[in-house]
Amino acid sequence: MFINTGVVVIVVANGIGSFLWIYPVFASTFILVKPIEAFLINVIASIALVALANIFDVISLFSFVITILMMSMSAFVYALHGVKLFRLLETLNSVDPLTGAFNRRAMGSDMEAALSNAEYNGVKHLLAILDLDYFKTVNDKFGQALFPKSSQRTKPPSLFKYQAI
């Protein structure tokens, strides 16, 4: 929001010479904050520009509104798509696709949450790790023929669940 305020102040102070800075600043807002927040910030900054700047005797107000609106809507769509891809990447990075259980990458954050929860509630800690020897060998040899239903049936939301004892 500070960069949007800054560009409004600069355009109001310097006039038409600083006008083109509006577009990259408004576009970069979508990188810095959530897409809906960026869109609202851009709308507020645009209204402030229309109200305070005296550049619209040189530049068409209609042209400004349409170009800012189109740029903001395009950046909004791209930013939403980026958020969606980031969430997918987080899921793919932490969830086993076969079982749906969290993998070892997710264990770190789950352990931090469990320790924090146990400390907050004043309970003792317990860590239990299950290591299935040669599971990869068995899975590679027999694959889906042996484990299709058992692995799908035991789909926990997290293997690293915690609770007070």
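See above for the structure.
Just so it is clear, the model here is predicted, and its values are computed rather than measured.

Moving on, we come to the nonpolar core. Among the nonpolar cores identified, the biggest contains 15 residues, and Val7, Val11, Ile22, Phe26 and Leu49 are the most heavily contacted of them. Those elements that provide at least two residues to this core are α1 (2-14), α2 (22-32), α3 (35-52) and α4 (61-94). Apart from residues lying up to four places away in sequence, Leu49 is in contact with Val8, Val11, Ile22, Phe26, Phe56 and Phe64.

For α1, built from 13 residues, the straight-helix expectation of 18 Å at 1.5 Å per residue is met to within 8% by its first-to-last C-alpha distance of 18 Å. Inspection of α1 places Asn4, Val7, Val8 and Val11 among the buried residues, and these make up the whole buried set. Along the axis of α1, the buried residues cluster in a sector spanning 100°; they form a single face. Along α1, exposed side chains directed more than 90 degrees from the buried face belong to Phe2, Val9, Ala13 and Asn14. The secondary structure elements touched by the buried residues of α1 are α2 and α3. Just past α1, the residue Gly15 takes up positive phi, approximately 75°.

What counts as what
Within any chain, residue numbers begin from 1 and follow the written order of that chain's sequence. At least 70 in pLDDT is required for a residue's local features to be given in this predicted model, at least 80 for side-chain atom pairs to be given and counted, and no such filter applies to totals for whole chains, interfaces and linings, which use all residues. Note: side-chain values were computed over all heavy atoms of the structure, leaving out hydrogens and water. Definition of nonpolar core: a set of buried residues of the types Ala, Val, Leu, Ile, Met, Phe, Trp, Tyr and Cys, connected through side-chain atoms within 4.5 Å. We call a residue buried when its accessible area falls under 20% of the maximum for its residue type, exposed when it is over 50%, and partly exposed in between, using a 1.4 Å probe and counting protein chains only. Numbered from the N terminus, helices here are DSSP runs of H or I no shorter than four residues, and strands are runs of E no shorter than two. Should any heavy atoms of two residues lie within 4.5 Å, those residues are counted as being in contact. To estimate the expected span of a helix, count its residues, drop one, and scale the result by 1.5 Å. Of all possible arcs, the one meant is that of the directions from the helix axis to the C-beta atoms.

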